[in-house]
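Now for the letters of each chain:
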Amino acid sequence: MSKTIQELQNLMVDQLKRRGFYPKDEYEALLRIGEEVGELYEAVREEQDQKNIAFEAIDILWNLLRFCEFKKIDVERTFLEKLAYNETRELSSDKNS
Ligand SMILES: [Mg+2]
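For every chain, the first residue of its written sequence is number 1, and the numbers climb from 1 along that sequence. Two thresholds apply to this predicted model, a pLDDT of at least 70 for residue-level local features and 80 or more for giving and counting side-chain atom pairs, whereas whole-chain, interface and lining totals are computed over all residues.

It is worth spelling out the environment of L16 at this point. Each helix is a run of H or I in the DSSP string that is no shorter than four residues. Each strand is a run of E no shorter than two, and both are numbered from the N terminus. Within the secondary structure, L16 sits in helix α1 (residues 5-19). Exposure is read from a count of other C-beta atoms within 10 Å of each residue's own; the residue is exposed at 12 or fewer, buried at 20 or more and partly exposed in between. C-beta atoms are placed from the backbone. For L16, a count of 14 C-beta atoms within 10 Å translates into the label partly exposed. Once residues lying within four places of it in the same chain are set aside, the contact partners of L16 are F21 and Y22. Contact criterion: two residues are in contact if their C-beta atoms, reconstructed from the backbone, are within 7 Å.

What follows is the structure, encoded as structure tokens:
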């Protein structure tokens, strides 16, 4: 049942194309990320049930993956590169910076 991020992206693209909800460009995908963040805020503020909150969180991921696809970002490889890079960064004593 478990899938790689690439497999999830492929499922997403197939469904978006089939159902006609395919964001036309990276700007639309970005705007949708913002819209979905607002929906997640609302779901949390209204103390909606766990399933609604989870669905709104996934809507953000969904559009982020779509944005990464437009920008030709290999999500799995870049995630690991960033993880390695973060290991080399100095930690600030000020956790708010
Ligand atoms: Mg939503």
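Here the narrative resumes, following the displayed structure.
All right, on to the packing of helix α2 (residues 26-45) against helix α3 (residues 50-70) then. Where helices are involved, their axes are fitted lines through C-alpha atoms of the stretch in contact, as for all axes, and angles between N-to-C directions lie from 0 to 180°. In contact at an axis separation of 8 Å, α2 and α3 are set at 165° when each is read in the N-to-C sense. The angle between α2 and α3 falls in the class roughly antiparallel. Between α2 and α3 lies a crossing whose hand is left-handed. Mapping the contact onto sequence places E26, A29, L30, R32, I33, E36, V37, E39, L40, A43 and V44 in α2 and N52, I53, E56, A57, D59, I60, N63, L64, R66, F67 and F70 in α3. For this classification, Asp, Glu, Lys and Arg are treated as charged, while Ala, Val, Leu, Ile, Met, Phe, Trp, Tyr, Cys and Pro are nonpolar and the rest, including Gly, are polar. Partitioned by chemical class, the residues of the contact of α2 with α3 number 13 nonpolar, two polar and seven charged. Oblique is the label for any angle not covered by the other classes, which are roughly parallel (under 35 degrees), roughly antiparallel (over 145) and roughly perpendicular (65 to 115). A crossing counts as left-handed when the near helix is turned anticlockwise from the far one by less than a right angle, and as right-handed when that turn is clockwise.

Turning to the packing of α1 against α3, a few remarks are in order. One can describe the packing of α1 onto α3 by two numbers: an axis separation of 10 Å at closest approach and a directional angle of 95°. The angle between α1 and α3 places the two elements in the roughly perpendicular class. Mapping the contact onto sequence places Q9, M12 and V13 in α1 and W62, L65, R66 and E69 in α3. Across the contact of α1 with α3, the residue classes break down as four nonpolar, one polar and two charged.

On to unusual backbone geometry. The backbone of E47 sits at a positive phi, close to 50°, despite the residue not being glycine. Looking at the element boundaries, E47 is found in the loop between α2 and α3. The exposed category is assigned to E47, around which 8 C-beta atoms lie within 10 Å. Not every positive phi belongs to a glycine, and K72 is a case in point at roughly 55°.

Structurally, the α-helix is built with 3.6 residues per turn, so residues lying three or four positions apart point the same way. A helix is expected to reach a length of 1.5 Å times the quantity of its residues less one. Taking 1.5 Å as the rise per residue, α3 with 21 residues should run 30 Å; its terminal C-alpha atoms sit 30 Å apart, in good agreement. Those residues of α3 not exposed but buried are W62, N63 and R66. Down the axis of α3, the buried side of the element spans an arc of 85°, and every buried residue falls inside it. Of the exposed residues in α3, the ones pointing more than 90 degrees away from its buried face are Q50 and A54. Here the buried face of α3 lies against α1 and α2. The directions considered for the arc are those from the helix axis to the C-beta atoms.

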